Amino acid sequence: MEHHLPVLLIITPLVAAPLCVLVRQRLAVFGLSLTVCWATFAMAIMLLVRVLDSGEITYQLGGWSAPWGIEYRIDTLSAFVMLFVSGIGAIVLTFAPHSIAREIREDQHYLFFAEYLLCLTGLLGIAITGDLFNLFVFLEISSLSAYALISLGAREGVQQTRRALIAAFHYLVMGTIGATFILIGIGLLYMMTGTLNMADMAERLRAEVQINRKLMDVNETRTVLVAFAFLSVGISLKMALFPLHMWLPNAYTYAPSVVTAFLAATATKVSVYVLLRLIFTIVGASFAFEKLPLDTELMVLSLIGIVVASTTAIFQTNIKRMLAYSSVAQIGYIALGISFASLDGLTGAIVHLFNHALIKGGLFLAMGCLVLRLGSAELDDLRGIGRRMPWTMFAWVVGGLGLIGVPVTAGFISKWYLISAALERGWWPVALLVLLSSLLALVYVWRVVEAAYFQDSPEQHAEVTEAPAAMLIPTYVLIGATVFFGLWTSLSAGVAQQAAQLLLEVTP
Amino acid sequence: MKQHSILRVVAKLLIPFILLFALYVQFHGDYGPGGGFQAGVIFAAGIVLYGLVFGLQAARNVAPPIVMERLIALGVLIYAGTGVAAMFCGGNFLDYSALEYSFLQGSLLERHLPHGQHLGILLVELGVGITVAAVMILIFFSFAGRERSR
């Protein structure tokens, strides 16, 4: 069975999702999903170990060999992405039961688990596949289930009912535009190369072709330029790169807490993975960064995004929305790292995928605990909560420190790489802006700390007690991981560096 | 629609043929044009026509939403299950060639059942057909059953 590991990783959650719909019974469905999620995580660990041990793994679906059939191809980067996606998936699902009991209608619980597993399948599938069209299909699986998951937030009493539906619909429209752009791009690339296998496509894009009696490289043709434009805009929309982030704040604010924690930690990160694949595996860094000015574009947009989104976060009164804007800023850091196109920059970007997934996952789980007890995520309702829910708020504060990038937390590691990459290029204004944005993060984290610890709690919260241990333990696993990976970096930064070396094709 | 006798009679005449044609497209898909997706849509069109002419409740009695929801899941399971069965027969996931003469060996049925790639594609398309038909019917129900401005 060892040989089938790559496909088992995908089909275990894929088969479990329809089983959830057939079984329907709440406890059984939860048990099944939980087992499947942890099994998936275990398989992702085994795959990463094998990839680090012996290099790339491939798997031919249906026994059809590579450029013709669909191929799963796992290198360090994809194994690393799958590791944290499945890990977060398992931890967040462990956290889920109490939270969804409050935030999702009871007759929709089995649908929640089915959609959650489908979303996990899609996200893992994007990372594992070596076929561009297959990637699009998985992208759609994850996005469609994400829309449905967000719309589950429409329950009376907890939040305004209609808003979750509108947010989900807005996300659906924007996400579909992005997906269409990606599909058009893939179609044009297929037209020019006649292949959908990414490795094969990369080779053929560098071959020569005769157009109007002139010999030129395939990637010099206008069609490939247009394809690249469609693909990069579509992917930027999916990863919520400023200024294409408009769908994100509402979606994260009105979705159920569990869904927000899962999507915030994984969905946009996997889209960044797609961008990395497009730039470095398919068209090549020299095409994107030297022939076309994608690096300048990414840098300008991400710097504006970091400053604008962090500033907007300061003025939010809803903490979930504040964290959502902070997510837009963090995507900016990741895009900034890619735009350096250097080993340090790319390592910073990849390690920040991992670190930010842990930090944001942890923070949104802590928000889930707060919403469970308070029924609200408004800053006003958080007054004095530091004394009523000390454990939850302590976790929140540690996560907040990670967002700022305080030493000893994981956030520091990413920022260290980004700043050293900027200084290596001699771009000290960029380094200064990164430091400045950390100060902005300090401001919005402090607003919550001030409300929670230095203000008196309102009368109606006299009865509020600490969240149950079943929720606190998963929260602390993620928050503990942010501190752990701030101290021990050989897994996160070490593997990220190896992935970056493979992408840049430099030998260590 | 009670007074439109022509519509009712024609619909009654047409529906069996629509459903039969859906099955033809389904099971003939591996020889000619067609397949699970098209067959599923045609089959659903039969039920939708029934719902339009005889009322939503009648269609719901024929195809209860709760059953449809489970059929959606069942179709996906048939598809994935075929792939897993191929794995158990020694091939890769969805490698239909591994299904060659793996089932019912020595029985009388063996000579009449399709094998290998043929069997694989037939089962997979069956899964697709079931899911697509159920999804189309459920989409029709949820749009037609929507109450105006709650």
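As shown above, the structure is provided for reference.
The structure reproduced in this document is the subject of the present report. What you are looking at is a predicted structure, and each value in this text was computed from that prediction instead of being measured.

So, how was this worked out
- Residues numbered from 1 in each chain as written.
- Chains lettered and ligands numbered in written order.
- Predicted model: local features only at pLDDT ≥ 70, side-chain atom pairs only at ≥ 80, totals over all residues.
- Helix = DSSP H or I, 4+ residues; strand = E, 2+ residues; numbered from the N terminus.
- Axes fitted to C-alpha atoms, helices over the stretch in contact; angles between N-to-C directions.
- Parallel < 35°, antiparallel > 145°, perpendicular 65-115°, else oblique.
- Left-handed = near helix turned anticlockwise from the far one by under 90°.
- Contact = placed C-beta atoms within 7 Å.
- Nonpolar A, V, L, I, M, F, W, Y, C, P; charged D, E, K, R; others polar.
- Expected span 1.5 Å × (residues − 1).
- Buried ≥ 20, exposed ≤ 12 C-beta atoms within 10 Å, placed from the backbone.
- Core = buried A, V, L, I, M, F, W, Y, C linked by C-beta atoms within 7 Å.

1. Looking at the overall build of chain B
Consideration 1: In terms of helices and strands, chain B carries five helices and zero strands.
Consideration 2: Scanning chain B from its N terminus toward the C terminus, one meets helices and strands in the order α-α-α-α-α.

2. Description of the packing of helix α3 (residues 76-103) of chain A against helix α19 (residues 469-487) of chain A
All names here are of chain A.
Consideration 1: Two numbers describe how α3 lies on α19: the axes approach to 8 Å, and their chain directions differ by 150°. The angle between α3 and α19 falls in the class roughly antiparallel. When you trace α3 past α19, the crossing you get is left-handed. Of the residues in α19, those in contact with I91, T94, F95, H98 and S99 of α3 are A470, M471, P474, T475, V477 and L478.
Consideration 2: Residues of the contact of α3 with α19, tallied by class, amount to seven nonpolar, four polar and no charged.

3. Here's the deal with helix α2 (residues 26-54) of chain A
All names here are of chain A.
Consideration 1: With 29 residues, α2 should cover 42 Å at 1.5 Å per step; its first-to-last C-alpha distance of 42 Å lies within 8% of that length.
Consideration 2: Here α2 has its buried residues at V29, F30, S33, V36, C37, T40, F41, A44, L47, L48 and V51.
Consideration 3: Buried residues in α2 make contact with α1 (5-23), β1 (57-60), β2 (71-74), α3 and α4 (109-128).
Consideration 4: Looking one or two places after α2, you find G55, whose phi comes out positive at around 80°.

4. Some remarks on the packing of α1 of chain A against α2 of chain A
Residues and elements named next belong to chain A.
Consideration 1: Packing of α1 against α2 leaves a shortest axis separation of 9 Å and a crossing angle of 175°. Judged on the interaxial angle alone, α2 and α1 are roughly antiparallel. Residues L5, P6, L8, L9, T12, P13, A16, L19, C20 and V23 of α1 lie in contact with α2, whose contacting residues are A28, V29, L32, S33, V36, A39, T40, M43, A44, M46 and L47.
Consideration 2: Within the contact of α1 with α2, the residues separate by chemical class into 18 nonpolar, three polar and no charged.

5. Brief notes about the environment of G63 of chain A
Consideration 1: The topology assignment puts G63 of chain A in the loop between β1 and β2.
Consideration 2: With 24 residues separating them in the primary sequence, G63 of chain A and G87 of chain A have C-alpha atoms 30 Å apart.
Consideration 3: Apart from residues no more than four positions distant in its own chain, G63 of chain A is found in contact with G91, N92, D95 and S97 of chain B.

6. Structural notes on the interface of chain B and chain A
Consideration 1: Taken residue by residue, the interface counts 15 residues in chain B and 13 residues in chain A.
Consideration 2: In terms of residue class, the side of chain B that touches chain A is made up of eight nonpolar, four polar and three charged.

7. Digging into the environment of L503 of chain A
Consideration 1: Within the secondary structure, L503 of chain A sits in helix α20 (residues 492-504).
Consideration 2: Spatially, the C-alpha atom of L503 of chain A lies 18 Å from that of L83 of chain A, the residues being 420 residues apart in sequence.

8. Things to note about unusual backbone geometry
Residues and elements named next belong to chain A.
Consideration 1: In this model, F242 is joined to P243 through a cis peptide bond whose omega is 0°.
Consideration 2: Of note in this structure, R24 is not a glycine but carries a positive phi near 70°.
Consideration 3: When you line up the elements, R24 lands in the loop between α1 and α2.
Consideration 4: For A240, which is not a glycine, the phi torsion comes out positive at approximately 60°.
Consideration 5: Relative to the elements of secondary structure, A240 occurs in the loop between α8 (222-238) and α9 (248-254).

9. Some thoughts on the nonpolar core
Residues and elements named next belong to chain A.
Consideration 1: Core analysis: the biggest nonpolar cluster contains 236 residues, and V81, M82, V92, L117 and I150 have the highest contact counts within it.
Consideration 2: Looking at which element gives the most residues to this core, the answer is helix α10 (residues 257-283), with 19 residues.
Consideration 3: Discounting chain neighbours no more than four positions away, the residues touching V92 are V258, A261, F262, G361 and L365.

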